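Fold and contact review
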Amino acid sequence: MSSGHVLALSGGVGGAKLAAGLAAVLPPERLTVVVNTGDDFEHLGLTICPDIDSVTYTMAGLNDRQRGWGVAGETWQAMAALKALGEADWFNLGDRDLGMHVARSWRLRAGESLSDVTVRLTQSLGIAHKVAPMSDDPVRTQVQTAKGWQDFQQWFVGEQCAPSVSAIRFAGTPGARPSTAFAEALARPDLSAVVFCPSNPFLSVDPILAVDGVRGALAGLTVPRIAISPLIGGKALKGPLSKLLAELGQEGSNHAIAAHYGTLLDTLVIDRSDGDDAMHLQAGGLAVTLANTLMRGPDDQSRLAREVLAAVGVEY
Ligand code: FO1
């Protein structure tokens, strides 16, 4: 068993839940959560960082589990006022959530880095563990549809993921450098494991891998690298992963997830309902761990976190 540092790579919803689980079972000095910023965009003069928001709210226990994003018990007065004023209403900013976006945006505009702002906001909400953006340089995920290249949120929220996607790119890469916390975590001599949280590999983890030097650094690590498949029963619980796999001509199964990460992974955690996939994945050289990967709440989050850490021999 090793008792060193754990680096978790996370997107929004599913990733945020496991990040919260890891934070529940590891002390603050043993965990760095690095978050996708490819979904970020400017809206109504505010900088919105949806995956950092999801990770922050979930780790702080403030997340809305039903909706999957934003704050529980949210109200929408400001949104109604904006709509009455003729402003865009396709992207919903809740009254409580607005506080986050205003605080982040003015501080960024005042010259603070996204890393510094994220530390400030997470600490203010009582999160003791380190949460960092993948990069302080802007990276913007874009999808190619019949209309051409579209910004991610315009497609995801604006069009409810309806247009078929033929390609994905991360504007700003190459050229985006890892945030200091990310680079430091990758280089730690006491690094014990890298955890690819159960986020969409194409939309949420690929942007992290596209940051300069990250893929090479992960490939060169000798510590276990473990991913948790976002598929349950061969389907994504939420979001466009299943649709995307079909549109990109890939099998809707754990084989596609394993093939996508390739040699960056040593171990894949798959849901028990997909146990039939295990033999084939193992034949491809991967270690496979079966677990109940559905996270209904904090108890499931920490249970899965413990199972993930146990699978790679990391103490908790
Ligand atoms: N998702 C939606 O489906 N509709 C929204 O109106 C919406 C608003 C929103 C505001 C702040 C925020 O942090 C996230 C928000 N999301 C919304 C979620 C977000 O678009 C996606 O879930 C992620 O980008 C995908 O991980």
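Quick note: structure is the one above.
None of the values given here were measured: they were computed from a predicted structure. (Residues numbered from 1 in each chain as written. Predicted model: local features only at pLDDT ≥ 70, side-chain atom pairs only at ≥ 80, totals over all residues. Heavy atoms only, no water.)

As a further point, take the packing of helix H1 (residues 13-25) against helix H13 (residues 298-311). Interhelical geometry of H1 versus H13 gives an angle of 75 degrees and a closest axis separation of 7 Å. Between H1 and H13, the angle falls in the class roughly perpendicular. Residues Lys17, Leu18, Ala20, Gly21, Leu22, Ala24 and Val25 of H1 form the contact with H13, whose participating residues are Gln301, Ser302, Leu304, Ala305, Arg306 and Leu309. For the contact of H1 with H13, a count of residues per class yields eight nonpolar, three polar and two charged. (Axes fitted to C-alpha atoms, helices over the stretch in contact; angles between N-to-C directions. Helix = DSSP H or I, 4+ residues; strand = E, 2+ residues; numbered from the N terminus. Parallel < 35°, antiparallel > 145°, perpendicular 65-115°, else oblique. Contact = heavy atoms within 4.5 Å. Nonpolar A, V, L, I, M, F, W, Y, C, P; charged D, E, K, R; others polar.)

Positionally, Ile208 belongs in helix H8 (residues 201-210). Under the relative-accessibility criterion, Ile208 is labelled buried at 0%. As a C-alpha pair, Ile208 and Leu268 span 60 residues in sequence and 18 Å in three-dimensional space. (Buried < 20%, exposed > 50% of the residue type's maximum accessible area, 1.4 Å probe, protein only.)

In terms of nonpolar packing, the biggest core is built from 46 residues, with Leu7, Leu9, Phe182, Phe196, Leu218 and Leu268 touching the most fellow members. The biggest single contributor to this core is H8, with five residues. When near neighbours in sequence (up to four residues on either side) are disregarded, Leu268 contacts Ala227, Ser229, Asn254, Ile257, Ala258, Leu281, Leu286, Ala287, Val288 and Thr289. Judged by nonpolar contacts, the second largest core, of 34 residues, contains Leu18, Leu22, Val55 and Val195. (Core = buried A, V, L, I, M, F, W, Y, C linked by side-chain atoms within 4.5 Å.)

What follows is about the environment of Trp69. Here Trp69 is to be found in the loop between helix H2 (50-59) and helix H3 (77-84). Judged by its relative accessible area of 35%, Trp69 falls in the partly exposed class. It is 8.1 Å that separates the C-alpha atoms of Trp69 and Asp53, two residues lying 16 residues apart in sequence. When near neighbours in sequence (up to four residues on either side) are disregarded, Trp69 contacts Asp64, Trp76 and Asn92.

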